[in-house]
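What follows is each chain in one-letter form.
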Amino acid sequence: MSNLPFLPGLQPGVDPRKTNFAKGHKFDFCNGLPVVVDENVQESTPTEHPLPKLATDGDENVPQYVKYDRMSLRFLACFYDDVGVDEKVLRKLYLNYFLDSDTCSLFEPNEPNSGLTQGAFLKPGKHIHWTNIKVGEVAHIYGRDFYIWSCDDFTREFYKCSGFEQKANEPDPQTECPELPTKPKKVKVDRRGQFLQYDGKVLRFWLYWDTRGQPFGELRHFTLHFFLADDTTELYEIVNGRPSVAFLKRNKLLTMDDLRTESVVNIFGREMYITHCDAFTYRYFAEMGIEQNTTCEEEKEETEEVIVVDADPDMNFLATMQGDRAGRKFVIKKFENETISIFEVPSRNSGFVGGKFLERFTGGFEGTFKIGEQVLINSFVFDLVDADDLTKEYLKSKEE
């Protein structure tokens, strides 16, 4: 061979029968998995290497998405679906669990003339972990019960290598699966009767929230309203003895079983102590045999006092002015929380624009709100000449 001329195809040490001149490499893919190629073995068959060696075996620092790249577990599952009032149908799905991201998806194969929307049933997400998926048992995903009745060979081998033994595959359930629990029939609750019976009836409690044990803590008082018409709750903070600031808007947060005087209720992580309730709330619970406290007890180490004032209801008065403003008419509205607003009654050819005269504000008035009296509001003197019917009835009952 050394005496041959240096011509193409006659190089020494090269087999002239070789037809593949591809560059050698160590890493390759077998059945979609990264494997290490043994250069000493020219040919290999699946019978000699049934489970190829992973390129990441033996390396503990390899990320999960590299170690389990393109590896997935497959199960066969079924569940009952309500298709009518009293009719159920057994639907079969593929449950695919992706090991690289610990996510799973559900896919329902298309069945002709089934009348159901099939295909992707649940998009990939972290709905359940692979350790909780077992053949012959029920898997709970988003409130549904899926019965796992089979898995493929790779899935079974994976569980065996991980120290979990899967049960043998069960026969295909055709139309019934006795292992699946049957859910009780949903009963539709008609709340219209509750609304008609309890509309306008509200339970009222007084609470306090003590954070003085924390830095910059303080003692804050609240009024809680529980609406019996729809079982909703709202919370108002008491400032200067009157509920003024909405601390919690009306929502379904508490139940009636949570509302007991001399007890602690948790409202969004805040431990609040219920001190007492009003007379209507006391009578309502007394009819159910529950004793509630209607008197406010002194809180421990309390430095502030809760003042509950029986405020007047909203009242409307017709008023006039004296002097150069004579002839102008005003409507003075006094609200329950001691705030006042004034509107001027429009009058043609008076030269004054009617409408809002004084924005609603707190305090700043002197005098008694009675017909025939004078009140001083923001340096303006008003003569109260008339009132609406509700205000008159209230003033009359107050005098009696």
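Note: the structure precedes this text.
Residues numbered from 1 in each chain as written. Predicted model: local features only at pLDDT ≥ 70, side-chain atom pairs only at ≥ 80, totals over all residues. Heavy atoms only, no water.

A. Just a nonpolar patch on the surface, in detail. A surface patch of nonpolar side chains, amounting to about 200 Å² of accessible area, comprises Val-331, Phe-343 and Val-345. Checked against the element boundaries, Phe-343 lands in strand 17 (residues 339–344). (Patch = residues over 30% accessible without salt bridge, like charges linked within 9 Å, V, L, I, M, F, W, Y side chains within 5 Å. Areas by Shrake-Rupley, 256 points an atom, 1.4 Å probe, with all protein chains shown as cover. Salt bridge = Lys/Arg side-chain N within 4 Å of Asp/Glu carboxyl O. Helix = DSSP H or I, 4+ residues; strand = E, 2+ residues; numbered from the N terminus.)

B. The pattern of salt bridges, seen in detail. All chains considered together, the criterion is met by 13 salt bridges. One salt bridge in this structure joins Asp-69 and Arg-70, with 3.4 Å as the shortest N-O distance. Overall, the relative accessible area of 28% leaves Asp-69 in the partly exposed class. A residue is classified by how much of its surface remains accessible, and Arg-70, at 54% relative accessible area, is exposed. For Arg-91, the salt bridge goes to Asp-81, with nearest N and O atoms at 2.6 Å. Within this pair, whereas Arg-91 is found in strand 4 (residues 88–98), its partner Asp-81 is found in strand 3 (residues 72–82), the two being separated by 10 residues in sequence. Overall, the relative accessible area of 14% leaves Asp-81 in the buried class. When salt bridges with common partners are traced through the structure, they connect Asp-81, Arg-91, Glu-108 and Arg-144 into a single cluster. (Buried < 20%, exposed > 50% of the residue type's maximum accessible area, 1.4 Å probe, protein only.)

C. Main features of the environment of Ile-148. Of note, Ile-148 is situated in strand 8 (residues 144–151). Judged by its relative accessible area of 0%, Ile-148 falls in the buried class. Considered as a pair, Ile-148 and Leu-95 are 53 residues apart in the sequence and their alpha carbons are 8.8 Å apart. Apart from the residues lying within four places of it in its own chain, the contact partners of Ile-148 are Phe-75, Leu-76, Ala-77, Leu-95, Ile-133, Lys-134, Val-135, Gly-136, Glu-137 and Ala-139. (Contact = heavy atoms within 4.5 Å.)

D. Examining the sheet that holds strand 11 (residues 232–239) more closely. The antiparallel open sheet is built from 6 strands, whose spatial order is 12-11-10-9-14-13. The outermost strands of the open sheet, each flanked by one partner alone, are strand 12 (242–251) and strand 13 (263–267). On average, adjacent strands in this sheet sit at an angle of 35° to one another, irrespective of strand direction. Pairing of strand 9 (residues 202–210) with strand 14 (residues 270–277), which is carried by 4 bridges, proceeds in the antiparallel orientation. Residue pairing across strands places Tyr-208 opposite Tyr-273, the latter belonging to strand 14. Strands strand 9 and strand 14 of the sheet are contacted by helix 4 (residues 279–287), whose axis makes an angle of about 110° with strand 9. (Pairing = 2+ DSSP bridges. Axes fitted to C-alpha atoms, helices over the stretch in contact; angles between N-to-C directions.)

E. The side chain of Thr-391, seen in detail. Among the secondary structure elements, Thr-391 is positioned in helix 5 (residues 389–399). Within the structure, Thr-391 has its side chain in polar contact with the backbone nitrogen of Asn-316 (distance 3.1 Å). Apart from residues no more than four positions distant in its own chain, Thr-391 is found in contact with Asp-314, Met-315, Asn-316 and Phe-317. (Polar contact = N/O pair within 3.5 Å; in protein donor to acceptor, adjacent residues only side chain to side chain.)

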